[in-house]
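Here is how the chains run, residue by residue.
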Amino acid sequence: MSLDFLVFICVAYVALLFAVAFWADKRAERGKSGWLRSPMIYTLSLSIYCTAWTFYGAVGYAARSGLEFVTIYLGPTLVMVGWWALLRRLVRIGRTQRVTSIADLISSRYGKSNGLGVLVTVLAVVGTTPYIALQLQSVTLSFNAFSVDSFTIRGDGGNSPALQQTALVIAAGLALFTIVFGTRNLDANERHHGVVIAIAVEAVVKLVALLAVGIFVVFVVAGGVGPTFDAINASPISEWQTGADRWATLIFLSAAAFLCLPRMFQVLVVENSDEAHLATASWAFPMYLFLMSLFVVPIAVIGLSVMPEGSNPDLFVLSIPLAFDRDILAMLAFLGGFSSATSMVIVAAIAVSTMVSNHVVMPIWLNARQGGATVSGDVRNVVILSRRLSIAGLLALGYLYFVVSGGGAALAAIGLISFTGAAQVLPALMGGIFWRGATRTGAAAGLSVGFVVWLWTSFLPSFGEAGVLADSVFEHGPFGIGFLKPLALFGIEGLDPLVHSVLWSMLLNTAAFLFFSLVSLQSPLERFQGASFVNIFRYSDAPHGWSSSAIDAEDLLMMSQRLLGPEDAQLLFESMATAQGKSGYLPDVTPSFLERLERELTGSVGAATAHAMLAQITGGASISVEDMLKVADEAHQILEYSNELELKSNELEQAAGQLRDVNEKLVALSVQKDGFLSQISHELRTPMTSIRSFSEILMDGERMTSDDRQKYSQIINGEAIRLTRLLDDLLDLSVLENGQVTLNVQEDVLRVVLDRACAATERPDVKSALTINRNQALETTPLNTDSDRLTQVFINLIANAQKYCDADEPHLNIVAHSAGGRAVVDFIDNGSGVPDDKQSMIFEKFARADDHRAAGGAGLGLAICREVMKRLGGEISYLPGQVGAAFRVVLPDPHAET
Amino acid sequence: MSERRVLLIEDEPNIIEAIRFILARDGWRVDTHSDGQTAVVAVRDRAPDLVILDVMLPNRSGYDILQDLRSEDATKTLPILMLTARGQKKDRKLAEKLGVNRFMTKPFSNEEILATVRELVR
């Protein structure tokens, strides 16, 4: 069979896989994933656990170490069957937290620490590199098995330039293959439908191939089941003794690797679409492993007996059919190995490149771009590019390891090194999902310590003595420090190197993890995430309900007191305790209690916040980013609401203040009105009393002189006039106050108006008449106003002087001038004036000086004057500090609108 | 029967004139006083059989005068007729509380005031 044909077969096979993947992706896009997401597909995808190492290496392993290879299958089987709950927990966490990789899970659990993410990523890269080298070696060897005289190729031997060249081509081909497969599109959940289907196909191919080779070996080469058993019994494999320590270590290691290997986490958790698939996988996957291991011992035993001395047992699966010239079977076996290698590389590369991209490249890129991502498409392209570069880089590293390690180590040894590296994540992972007290510092310490010990005791020695580490380091320890010898830490010699490495790395890792977790404190986010992870099942089953749990009622009370106020919270708890038939104030934390509490808290902090807070305390729910956003929204709304409330309360206060003012004014007005009514009553009744009395007297008509009769008639007449004037004044004032007055605006000159007022008040009949002094030359102010009304004001003022000026020779000075930029007229008499304490109220209604009776006024004159001036746009005020009574009239502005 | 004397404490000249006329015609001697401030002294000096007291007086309110008169032994039981042009309910209440004998609202009929005065002085 020519190499060209082999290459053709490979390319055709890959093309087929690509077609299958493409078809599956298309179906998934159309929402018809259907059976593509069946539990069987999930189970088959788990078969990437069986890599080329398992396909080829198990036989070699059995040939070298007997039944020890079984441990590699026992570990995962124990996990799948015995610790099903753990897987379910991981899958649930992966889904609720939208975990994209094991690095993401660790980072997320420990407070979204990217530092931890980077640490796990580095561990994954370093741990995956030998494994990829292993696949390269397998495929390379299997290629060469066809092309050269493969029987002489020794497992620990040749790493010829020709092999390296083949490996380089294969590495490049795998890189291309993975890039095309794994980064065709970006899925938010990091799920790759097409890839999973392709892997399932490969899983079938490798199982069928191995079974076919096994059947061929047992029934054709060995001649049946009986002879095969005879051969096994006769071979040294059946007598192989394996130390219990090595068995236990290997089982533990393979179980840990099954959980922690990046590629296993990818298919187990990230690609899982339904938790229920685990139920099927829990029996189907061990079954698959059983079938994969069924013919390992027969092939190894028969191979050892029929193949020439020195043949590489790692290649028996391929070399036996070839030795018997079964080309088709050999081709099938080759494809099986090829499938094992490619499926592992594809998934591992996808998983690790996701980590590298998410935890290393993207943070650096986003940091470098201070402005942050502006266009989402921009970021998308960067993500895809970084994934592709990571894949290429990872395969390059694998190739480099292959070249540097010289392909010297047996396949199985390389696999175990990788397993041990992956297992370093185990303490942080287990602690993270089962122990709320696990802290970021603890995880970082454990991972770092485990990583360093693993590098020192397992990874670096894997390059062989004089590989990376010098001989002297192995013999005497670094710098001659004996107890740091890579294969005999702390002076404990004689342990199997693997057991030694696993023991120390896991021991120190776990110790550091526990110690630093206990002595360090959690950040709030860590606490939050820790609770979400550890209690993932508490109520992610029923997102809005609460299930009972061992929550401390006191914690809840403390929180509630802060939210509801101490008294209310205490009351609530007491009433709930009473309802449960308990004494005291701490009720049992039952689901109904939690629901009630959530309702109560919702009232004060909002639904999302209440749920999140209860979730945090009870450690029940997983709090997603959406939940946090809801909380933030709610807080914002509450803030806005309280701002609004404050605003409203301020407005209300203002309104209340205004109401108070208005009310005070109303009360004052009411008092004023009462006073006014009382005054009017008095002013009306007084003249009416006189009128009534005297009219009755006149009606009696007896014993009365005509003088008396005359006198009384005059009194009646005078009082009637007084009444009329009062009514006139009241009506006038009422009209003025209500603003119903119509002004008769016309142009005039001050002098003319004053002349009219003087003429109207002239009383030639009164002897001691008031002398009015004017300087008419100054009275030139032009007026544009209701001059009748202005005349009324002037008349009032002159009449007041006539009534009240108590000087022997009363006179009134009327002075026109300007003050404060306005034309004013002052009326100043030479009487005793208005007492200081009365000056402020003389413009009020009925506010008269006491001896008003003599004057005979109604007490409304000045009130009317004030109203008139207000209407005219002028002013009237008392001018204190003059000789006698003094009034100033500020004339209306002739240019102002009236 | 000696001459019966009324002290009229009022500041409105026309009303003084009217009441004086009415009572004088009935045989009363009417003294008048127009100032609130000195009214109590005037009552003490004149020792009338009856006081007719206006509420709104210059310088002092009729209520204050009433209160003073009722607090003095000599005038404790002196018949007092109060006249007011306000005549609101609370005014009447206040006056009765202070111990007035009669409270009349202006304007009154001549008949009415004469009958009241006669009734108060027996």
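What counts, and at which threshold
Residues numbered from 1 in each chain as written. Chains lettered and ligands numbered in written order. Predicted model: local features only at pLDDT ≥ 70, side-chain atom pairs only at ≥ 80, totals over all residues. Heavy atoms only, no water. Helix = DSSP H or I, 4+ residues; strand = E, 2+ residues; numbered from the N terminus. Buried < 20%, exposed > 50% of the residue type's maximum accessible area, 1.4 Å probe, protein only. Areas by Shrake-Rupley, 256 points an atom, 1.4 Å probe, with all protein chains shown as cover. Core = buried A, V, L, I, M, F, W, Y, C linked by side-chain atoms within 4.5 Å. Domains from an automatic or database assignment. Contact = heavy atoms within 4.5 Å. Phe/Tyr/Trp six-rings, centres within 6.5 Å; stacked < 30°, edge-to-face > 60°. pLDDT = per-residue confidence, 0-100. Salt bridge = Lys/Arg side-chain N within 4 Å of Asp/Glu carboxyl O. Pairing = 2+ DSSP bridges. Axes fitted to C-alpha atoms, helices over the stretch in contact; angles between N-to-C directions. Parallel < 35°, antiparallel > 145°, perpendicular 65-115°, else oblique. Left-handed = near helix turned anticlockwise from the far one by under 90°. Nonpolar A, V, L, I, M, F, W, Y, C, P; charged D, E, K, R; others polar. Buried area = accessible area lost by both parts, 1.4 Å probe. Polar contact = N/O pair within 3.5 Å; in protein donor to acceptor, adjacent residues only side chain to side chain. Right-handed = clockwise from strand over helix to strand, strands pointing away.

## Focus: the overall build of chain A
Turning to step 1, where the next piece is worked out: Within chain A, the secondary structure is distributed over 35 helices and 9 strands.
Turning to step 2, where the next piece is worked out: Put simply, chain A has 898 residues, and 52% of those count as buried.
Turning to step 3, where the next piece is worked out: Of the roughly 39300 Å² of accessible surface on chain A, a fraction of 60% belongs to carbon and sulfur atoms.

## Some remarks on the overall build of chain B
Turning to step 1, where the next piece is worked out: Helix and strand content of chain B: 5 helices and 5 strands.
Turning to step 2, where the next piece is worked out: When burial is assessed residue by residue, chain B has 53% of its 122 residues classed as buried.
Turning to step 3, where the next piece is worked out: Of the roughly 5600 Å² of accessible surface on chain B, 45% is carried by carbon and sulfur atoms.

## Focus on the nonpolar core
All names here are of chain A.
Turning to step 1, where the next piece is worked out: Ranked by internal contacts, the top residues of the largest apolar core, which has 165 residues, are Ile106, Leu259, Phe334 and Phe419.
Turning to step 2, where the next piece is worked out: Examining the composition of this core, we find that 18 residues originate from one element, helix 16 (residues 327-368), more than from any other.
Turning to step 3, where the next piece is worked out: Each of two domains, domain 1 (3-404) and domain 2 (425-536), supplies a minimum of three residues to this core.
Turning to step 4, where the next piece is worked out: Listed in part, the 44 residues of the second largest apolar core include Leu726, Leu736, Leu860 and Val889.

## Focus on the environment of A:Leu557
All names here are of chain A.
Turning to step 1, where the next piece is worked out: Summarising the element assignment, Leu557 is placed in helix 25 (residues 553-564).
Turning to step 2, where the next piece is worked out: Taking relative accessible area as the criterion, Leu557 reaches 5% and is therefore assigned buried.
Turning to step 3, where the next piece is worked out: Aside from chain neighbours lying at most four places away, what touches Leu557 is Ala569, Gln570, Phe573, Tyr585 and Leu586.

## Description of the packing of aromatic side chains
All names here are of chain A.
Turning to step 1, where the next piece is worked out: Counted according to the given criterion, the structure contains 15 aromatic pairs over all chains.
Turning to step 2, where the next piece is worked out: With centroids separated by 5.2 Å and ring planes inclined at 90 degrees, the aromatic side chains of Phe55 and Tyr56 adopt a geometry described as edge-to-face.
Turning to step 3, where the next piece is worked out: Each ring, one from Tyr131 and one from Phe419, has its centre 6.1 Å from the other, and the planes form 25 degrees; the classification is stacked. A residue pair is termed long-range when its members are at least 10 positions apart, and Tyr131 in helix 7 (residues 114-147) and Phe419 in helix 18 (residues 411-423) qualify at 288 residues.

## Some remarks on the confidence of the model for chain A
All names here are of chain A.
Turning to step 1, where the next piece is worked out: Summing up the model confidence of chain A, the mean pLDDT is 77 and the portion of residues at 70 or higher is 80%.
Turning to step 2, where the next piece is worked out: Taken element by element, chain A is modelled with least confidence in helix 34 (residues 852-855), mean pLDDT 45, and with most confidence in strand 9 (residues 886-890), mean pLDDT 92.
Turning to step 3, where the next piece is worked out: Across residues 372-377, where pLDDT falls below 50, the model places 3 contacts with residues more than four positions away in sequence or in other chains.
Turning to step 4, where the next piece is worked out: Note that residues 851-855 has pLDDT below 50 and, in this model, 9 contacts with residues that lie over four places away or in other chains.

## Remarks on the pattern of salt bridges
Turning to step 1, where the next piece is worked out: For the structure shown, the criterion picks out 20 salt bridges over all chains.
Turning to step 2, where the next piece is worked out: Across the pair A:Asp755 and A:Arg774 runs a salt bridge whose closest N-O atoms are separated by 2.7 Å. On the criterion of sequence distance, the pair formed by A:Asp755 in helix 31 (residues 750-761) and A:Arg774 in strand 4 (residues 771-774) is long-range, its members being 19 residues apart.
Turning to step 3, where the next piece is worked out: Taking relative accessible area as the criterion, A:Arg774 reaches 23% and is therefore assigned partly exposed.
Turning to step 4, where the next piece is worked out: When the shortest N-O distance is used, the salt bridge between B:Arg29 and B:Asp31 registers 3.6 Å.
Turning to step 5, where the next piece is worked out: Judged by relative accessible area, B:Arg29 falls into the partly exposed class, the value being 37%.
Turning to step 6, where the next piece is worked out: One network of salt bridges, with partners in common, ties together A:Glu719, A:Arg722 and B:Glu12.

## Things to note about the sheet that holds strand 8 (residues 875-878) of chain A
All names here are of chain A.
Turning to step 1, where the next piece is worked out: Ordered by their spatial adjacency, 5 strands build an open sheet running 4-6-7-9-8, and the pairing between neighbours is mixed. A strand with exactly one partner marks an edge of an open sheet, and here the two such strands are strand 4 and strand 8. Along the sheet, successive strands turn relative to each other by an average axial angle of 20 degrees, direction set aside.
Turning to step 2, where the next piece is worked out: Pairing of strand 8 with strand 9, which is carried by 4 bridges, proceeds in the antiparallel orientation. Within the sheet, the bridge partner assigned to Ile876 lies in strand 9 and is Val889.

## Some thoughts on helix 14 (residues 296-306) of chain A
All names here are of chain A.
Turning to step 1, where the next piece is worked out: Within helix 14, 8 of the 11 residues are buried, which leaves it mostly tucked inside the rest of the structure.
Turning to step 2, where the next piece is worked out: Of the residues making up helix 14, those classed as buried are Val296, Val297, Pro298, Ile299, Ala300, Val301, Ile302 and Gly303.
Turning to step 3, where the next piece is worked out: Residues of helix 14 that are buried sit in contact with helix 3 (52-65), helix 9 (193-221), helix 10 (225-234), helix 13 (277-294) and helix 15 (316-323).

## What about the packing of helix 19 (residues 426-434) of chain A against helix 22 (residues 497-519) of chain A?
All names here are of chain A.
Turning to step 1, where the next piece is worked out: Running from N to C, helix 19 and helix 22 cross one another at 40 degrees; their axes reach a closest spacing of 9 Å. Between helix 19 and helix 22, the interaxial angle falls into the category oblique. In the crossing of helix 19 with helix 22, the sense of the turn from one axis to the other is right-handed. Contacts between helix 19 and helix 22 pair Leu426, Pro427, Ala428 and Gly431 from the former with Met506, Asn509, Thr510 and Phe513 from the latter.
Turning to step 2, where the next piece is worked out: Each residue belonging to the contact of helix 19 with helix 22 can be placed in one class, and the counts come to 5 nonpolar, 3 polar and no charged.

## Some points on the interface of chain B and chain A
Turning to step 1, where the next piece is worked out: Counting residues at the interface gives 21 residues for chain B and 24 residues for chain A.
Turning to step 2, where the next piece is worked out: A combined buried area of about 2200 Å² lies between chain B and chain A, and 51% of that area is made up of carbon and sulfur atoms.
Turning to step 3, where the next piece is worked out: For the chain B face of the interface with chain A, the top three residues by lost area are B:Phe21, B:Arg25 and B:Pro107, together amounting to 25%.
Turning to step 4, where the next piece is worked out: Its salt-bridge partner being A:Asp700, residue B:Arg25 comes within 2.9 Å of it at the nearest N-O pair.
Turning to step 5, where the next piece is worked out: Where chain B packs against chain A, one counts 11 residue pairs in polar contact (both at pLDDT 80 or more).
Turning to step 6, where the next piece is worked out: Residue assignment for the side of chain B that touches chain A shows that the elements contributing at least two residues are helix 1 (13-25) and helix 5 (110-120) of chain B.
Turning to step 7, where the next piece is worked out: Broken down by element, the residue count for the side of chain B that touches chain A peaks at 7 residues, all from helix 1 of chain B.
Turning to step 8, where the next piece is worked out: For the side of chain B that touches chain A, the class distribution of residues is 8 nonpolar, 6 polar and 7 charged.

## As for the side chain of A:Asp748
Residues and elements named next belong to chain A.
Turning to step 1, where the next piece is worked out: Tracing the backbone through its elements, the reader meets Asp748 in strand 3 (residues 746-749).
Turning to step 2, where the next piece is worked out: Judged by relative accessible area, which is 15%, Asp748 ranks as buried.
Turning to step 3, where the next piece is worked out: Separated by 3.1 Å, the side chains of Asp748 and Ser787 make a polar contact.
Turning to step 4, where the next piece is worked out: Discounting residues that sit within four places of it in the chain, Asp748 has contacts with Val753, Arg756, Thr781, Pro782, Leu783 and Ser787.

## Overview of the packing of helix 5 (residues 84-96) of chain A against helix 19 of chain A
Residues and elements named next belong to chain A.
Turning to step 1, where the next piece is worked out: Their axes nearest at 11 Å, the elements helix 5 and helix 19 cross at an angle of 80 degrees. With respect to helix 19, the axis of helix 5 lies roughly perpendicular. Across the interface between the two elements, Leu86, Arg89, Leu90 and Ile93 from helix 5 touch Leu429, Met430, Ile433 and Phe434 from helix 19.
Turning to step 2, where the next piece is worked out: Along the lines of polarity and charge, the residues of the contact of helix 5 with helix 19 split into 7 nonpolar, no polar and 1 charged.

## Concerning the pairing of strand 2 (residues 29-33) of chain B
All names here are of chain B.
Turning to step 1, where the next piece is worked out: Note that strand 1 (residues 5-9) and strand 2 share 5 bridges and pair parallel. From the neighbouring strand, Ile9 faces strand 2, where its bridge partner is His33.
Turning to step 2, where the next piece is worked out: Regarding topology, helix 1 serves as the crossover connection from strand 1 to the parallel strand 2, and that connection is right-handed.

## Structural notes on the sheet that holds strand 5 (residues 102-105) of chain B
The strands making up a sheet are joined through hydrogen bonds of the backbone, oriented either antiparallel or parallel.
Residues and elements named next belong to chain B.
Turning to step 1, where the next piece is worked out: The strand order 2-1-3-4-5 describes an open sheet built from 5 strands, whose pairing is parallel. The open sheet has two edge strands with one neighbour each: strand 2 and strand 5. Strand-to-strand twist in this sheet, taken as the mean axis angle between neighbours without regard to direction, amounts to 20 degrees.
Turning to step 2, where the next piece is worked out: Both strand 4 (residues 80-84) and strand 5 contribute to a ladder of 4 bridges, which runs parallel. Within strand 5, the position partnered with Thr84 by the bridge is Thr105.
Turning to step 3, where the next piece is worked out: Sheet strands in contact with helix 1 are strand 1, strand 2, strand 3 (50-54) and strand 4, and its direction is about 160 degrees off that of strand 2.

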